[in-house]
Amino acid sequence: MPKRTAKKVEERPPPPWNVVENPSDDTSVLAAVKEIEKFWTHGDITPTQIEGARVRTRGTRKTKTNTDYQIDVRVEEVIYRAAVKGEGNPKIRCPEKGRIWVTQPCVVCQKDEDEDNLLLCGTDDADVEVQGCNRSHHTYCVGLKEVPEDDWFCTSCEAKRSTKAKQ
């Protein structure tokens, strides 16, 4: 009797993201924002802070359909990318197992991947006049080969620091 071989399931790429027009007025986006606020450490998210939103639906008619959201939220100079997956544990904050997580995309390439090479501009030293902007930058997007051991400042904040030092 010949051996049965399992059918190879072809992995499909995830569907594309669709941009939500007027995300600050979209009820489903605002509902996702309410979920994000449970993990948010920057206070309530107002509709004016929503810089953009994308939505996609995954699944087929035979399987459960899930709706995912990506929402860009501005806090001062920093834009955070918040994601709400259609499935996952709402108490876990990680992209693989969780339902909700927040990242800060690189200001140069706008990607939030390769977290090991992301730098935050600034310092924790309260005595420094220019604290930095706290925005993310990939090392390779700003011409560095590795993450520096000391505090790092983007070109804009470094210019502000130089101006302050000359005064």
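Quick look at the structure, then.

Criteria and cut-off values
Residues numbered from 1 in each chain as written. Predicted model: local features only at pLDDT ≥ 70, side-chain atom pairs only at ≥ 80, totals over all residues. Heavy atoms only, no water. Phe/Tyr/Trp six-rings, centres within 6.5 Å; stacked < 30°, edge-to-face > 60°. Helix = DSSP H or I, 4+ residues; strand = E, 2+ residues; numbered from the N terminus. Buried < 20%, exposed > 50% of the residue type's maximum accessible area, 1.4 Å probe, protein only. Pairing = 2+ DSSP bridges. Contact = heavy atoms within 4.5 Å. Axes fitted to C-alpha atoms, helices over the stretch in contact; angles between N-to-C directions. Core = buried A, V, L, I, M, F, W, Y, C linked by side-chain atoms within 4.5 Å. Polar contact = N/O pair within 3.5 Å; in protein donor to acceptor, adjacent residues only side chain to side chain.

What follows concerns the packing of aromatic side chains. Using the criterion set out here, one finds 1 aromatic pair in the structure. Between the aromatic rings of tryptophan 40 and tyrosine 80, the centroid separation amounts to 5.4 Å while the plane-to-plane angle is 85°, which identifies the pairing as edge-to-face. Of this pair, tryptophan 40 sits in the loop between helix 1 (27-37) and strand 2 (50-58) while tyrosine 80 is found in strand 4 (residues 78-84), placing the two residues 40 residues apart along the sequence. Classification of tryptophan 40 as buried rests on a relative accessible area of 10%. On the basis of relative accessibility, which here comes to 14%, the residue tyrosine 80 falls in the buried class.

Further remarks concern the sheet that holds strand 5 (residues 100-103). Strand order in this open sheet of 5 strands is 1-2-3-4-5, and the pairing throughout is antiparallel. Either end of the sheet is taken by a strand with one partner, and the two such strands are strand 1 (18-19) and strand 5. Those strands touched by helix 1 are strand 2, strand 3 (66-75), strand 4 and strand 5, and its axis lies near 70° from that of strand 3.

Glancing now at the nonpolar core. The biggest cluster of nonpolar side chains holds 20 residues, and the ones touching the most others in it are Val29, Ile36, Trp40, Ile45, Tyr69 and Ile71. Looking at this core, the elements that each hand over two or more residues are helix 1, strand 2, strand 3 and strand 4. In this structure tyrosine 69 touches Trp17, Ser28, Val29, Ala32, Arg54, Val55, Ala82, Ala83 and Val84, once residues within four positions along its chain are discounted.

Of note, valine 102 is situated in strand 5. For valine 102, a relative accessible area of 34% gives the class partly exposed. When the C-alpha atoms of valine 102 and isoleucine 71 are compared, they prove to be 9.3 Å apart, with 31 residues separating the residues in sequence. Discounting chain neighbours no more than four positions away, the residues touching valine 102 are Ile36, Trp40, Tyr80, Arg81 and Ala82.

Right, let's get into the pairing of strand 3. Across the 10 residues of strand 3, 8 count as buried, placing the element largely inside the fold. Sheet analysis places strand 2 next to strand 3, joined by 8 bridges and oriented antiparallel. Bridging across to strand 3, glycine 52 finds its partner in aspartate 72. Two elements, strand 3 and strand 4, share 7 bridges in a ladder whose sense is antiparallel. What sits directly across from isoleucine 71, in strand 4, is alanine 82. Linking strand 3 to strand 4, which pair antiparallel, is a turn of 2 residues; within it glutamate 76 sits at a positive phi near 55°.

Here arginine 54 shows up in strand 2. Given the relative accessible area of 16%, arginine 54 is considered buried. At a separation of 3.1 Å, a polar atom in the side chain of arginine 54 contacts the side chain of aspartate 72. Residue contacts for arginine 54: discarding those within four places in its chain leaves Trp17, Asn18, Val19, Val20, Asp68, Tyr69, Gln70, Asp72 and Arg81.

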